[in-house]
Each structure stands twice: as structure tokens, then as C-alpha cells.
Amino acid sequence: MAPSSRSPSPRTKRLRRAQGEKDVGRSREREDDGRGREKRNSRERDGDIGRDRDRERKRDREVGDKRRRSGREDTEESGRAGRDDERYSRGRHERSTSPSDRSRRSSRRSPERAIASRHDEGSNARGGGEEPNVEEDSVARMRAVEEALAAKKKEEPSFELSGKLAEETNRYRGITLLFNEPPEARKPSERWRLYVFKDGEPLNEPLCLHRQSCYLFGRERRIADIPTDHPSCSKQHAVIQYREMEKEKPDGMMGKQVKPYIMDLGSTNKTYINESPIEPQRYYELFEKDTIKFGNSSREYVLLHENSAE
């Protein structure tokens, strides 16, 4: 027998209505909870983005400080970093994911971002101005090496002859002589003499020139063997030096003979032999009856020896 279809009672309708209202209230609560969770997730995402931006700004500031200290800050690099930050932030806003994916991605991205940033800095530095810096560094290194070599060369000892030792060993009565006797210096075997004339008239006795191997002429009486007091004469004017040289004898054979030579010591007014000036610092052989004059003095010195004909 089929059940009879009858309408629900008023009580049943009230119960059903109340149950429906409760279900609607629960659904609204669930919707409100979902909206609250979404808001919290959105705030968390915004907080993550803010923290990431803060870290990026801090890293950019550190990089900028390093660049300022080294003097190689590049405006183009800062522009690229700014554009990268904008693209990076825009990409982060466009790609919205769940909070768990967000945290995992941010944890992976921070070291990768640091590596990429260092790579970009290196590439910008290489592209921006490495070549002139390398050139300047190489020039600076070359200059430093040259300065070091010059300083080392200055410190190296010099073994060249300074002439100080010769000066000390060639001093007589506190005065440095302007000449040194040569190795072939010898005393003469002949008795050479100088006869002094002034205006054609002889003066005093002849000067003997056979007791020494050399005779110095000049105004410095402390060292001059034969003083020449005329103002035109130098302090060390000239020297007569006896030298043992190879000479041809009257029979055609070669033999050693001691002969007189004269040398001007760089005087101001020159030395003359038979009215002709001689070059300084050079030996000239003297012969019998040669006439010698010193500077502008009117005195004449005639060279003779004991066997000279009257």
C-alpha cells in the first residue's frame, strides 16, 4: 500500500526554516573567514615584498658605499640596478602564489639574487671603465718601477775615479799641484841654465836647472820653484819637466836621453816659445837657445847649458 503524500506540518516547516538560516549563517561565516585569510595572506605577501625591498635597498647601499670608497661608481650601473629592481618587483606583484610557495620561492631567490647582482656589477664594471683603469694602473706601475730602479741606482756604489786621492797625494805645502810628474821623469845629466833678460839686458845670475827633475813657474811663491811675479802670470803657470825618451844618436843608433820639455798648465795668458804660443796641457821639447816668455811679462828666459858656445 503506497504511503500517503501529505504536506509537512507547521512545526516541520519552522524547523526546516531555522536549519536553512543556520546553514546560510555558516556559509557566510566561512566566506568571512576566507576573506580574512585572504587579507592576512595579502598582508603577509606585502610584508615579504617590503622585507625583500629593504634587503635589496640595504645591499644596494652597501654596493654604493664600496663604489664610492674605490672611486669607481658608475651612474649607468645604478640605472641598471634600478630597472632590475622595478622589473623584479613588478614580476613579484604579477605572480601571486600561495603563502607556502611564496616563502619557498623567497628563500631560494635571495642567494640567487645576490649572485646575479654580483655578476651584474662585474659586467657593468667591465663594460663601463675597466680598460682606462687598467691602463692607468699599468702606467702607475711602470712609474713606480722606474722610480725604484732610479733609487736603487743612486744607492749603488760608484767605483769611478773621483780624483780626490790624486789631489791628496799631489799636495805640496797645503796647495794642490796642477800636474803630476810622468813615469819617465829623470834628473838631467847636462847642466842646463836659464838666462833672464829684460829689454835686452841680463838680470842677475843665470838660473840652474839641473838639480831637480822638474821646475814650476808661477806667482804662488809657496810652491813655485821659479817665481814669476808679473800680474799676467798665473799662480801655477808652466812647468819644465825632464823626461827620458828614445832619441837617435849622432851615429844613427837609438838610445835613451834625458831632455827638457815645457808644458803650459792652462794659464790665462799663455806661454810662448820663440814668440809662438803653445797649447796647454801638452809637452813641448826645448832646445838649446830657445827663448821662453810667460804671459805679458817682458822678461825673456833663454835656455843654455854649460857646453853651449859663447
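Residues numbered from 1 in each chain as written. Predicted model: local features only at pLDDT ≥ 70, side-chain atom pairs only at ≥ 80, totals over all residues. Heavy atoms only, no water.

**Student:** Whenever I open this one, the packing of aromatic side chains confuses me. Can you help?
**Tutor:** Aromatic rings considered in pairs are described by the distance between their centres and by the relative angle of their planes. Under the definition given, this model contains four aromatic pairs. Ring plane angle 25° and centroid distance 4.8 Å describe the contact between Phe217 and Phe294, whose orientation is recorded as stacked. Taken as a pair, Phe217 in strand β6 (residues 214-218) and Phe294 in strand β13 (residues 291-294) lie far apart in primary sequence, 77 residues in all. Given a relative accessible area of 2%, Phe294 falls into the buried group. Aromatic ring contacts, followed pair by pair, group Phe217, Phe294 and Tyr301 into a single cluster. Taking the ring centre of Tyr261 as reference, the NZ or CZ of Arg243 above it sits at 4.8 Å. Directly above the aromatic system of Tyr283 lies the positively charged group of Arg243, at a separation of 4.5 Å from the ring centroid. (Phe/Tyr/Trp six-rings, centres within 6.5 Å; stacked < 30°, edge-to-face > 60°. Helix = DSSP H or I, 4+ residues; strand = E, 2+ residues; numbered from the N terminus. Buried < 20%, exposed > 50% of the residue type's maximum accessible area, 1.4 Å probe, protein only. Lys NZ or Arg CZ within 6 Å of the ring centre and 35° of its normal.)

**Student:** Before we go on, may I ask you to explain the pattern of salt bridges in this structure?
**Tutor:** Once their charged atoms are close, side chains differing in charge can pair, the charge on each being opposite to the other. Evaluated as defined, the whole model comprises six salt bridges. Across the pair Glu279 and Arg282 runs a salt bridge, and its minimum N-O distance is 3.6 Å. Of the residues examined, Glu279 reaches a relative accessible area of 47% and is grouped as partly exposed. (Salt bridge = Lys/Arg side-chain N within 4 Å of Asp/Glu carboxyl O.)

**Student:** Explain the pairing of strand β3 (residues 192-198) here, please?
**Tutor:** Each regular strand carries side chains that alternate between the two faces of the sheet. Here seven bridges tie β3 to strand β14 (residues 299-305), and the two strands are oriented antiparallel to one another. Along β14, the bridge assignment pairs Lys198 with Arg299. The sheet contact formed by β3 and strand β5 (residues 207-208) spans two bridges and is antiparallel. Within β5, the position partnered with Leu194 by the bridge is Leu207. The pairing of β3 with strand β4 (residues 201-202) spans two bridges and is antiparallel. Considered in β4, the bridge of Phe197 is made with Pro202. Between β3 and the antiparallel strand that follows it, β4, lie two residues; Asp199 among them carries a positive phi value of about 55°. (Pairing = 2+ DSSP bridges.)

**Student:** Would you mind going over the side chain of Ser232 with me for this structure?
**Tutor:** On the secondary structure map, Ser232 appears in the loop between β7 (226-227) and β8 (238-248). The buried category is assigned to Ser232, whose relative accessible area is 10%. A polar atom in the side chain of Ser232 sits 2.8 Å from the side chain of His230. Within the structure, the side chain of Ser232 is placed 2.8 Å from the backbone nitrogen of Asn296, a separation counted as a polar contact. (Polar contact = N/O pair within 3.5 Å; in protein donor to acceptor, adjacent residues only side chain to side chain.)

**Student:** Any chance you could explain the environment of Pro8 here in plain terms?
**Tutor:** Mapping Pro8 onto the fold places it in the segment before α1 (10-70). Using a relative accessible area of 33% as the deciding quantity, one classes Pro8 as partly exposed. In contact with Pro8, not counting residues within four places along its chain, are Lys13 and Arg16. (Contact = heavy atoms within 4.5 Å.)

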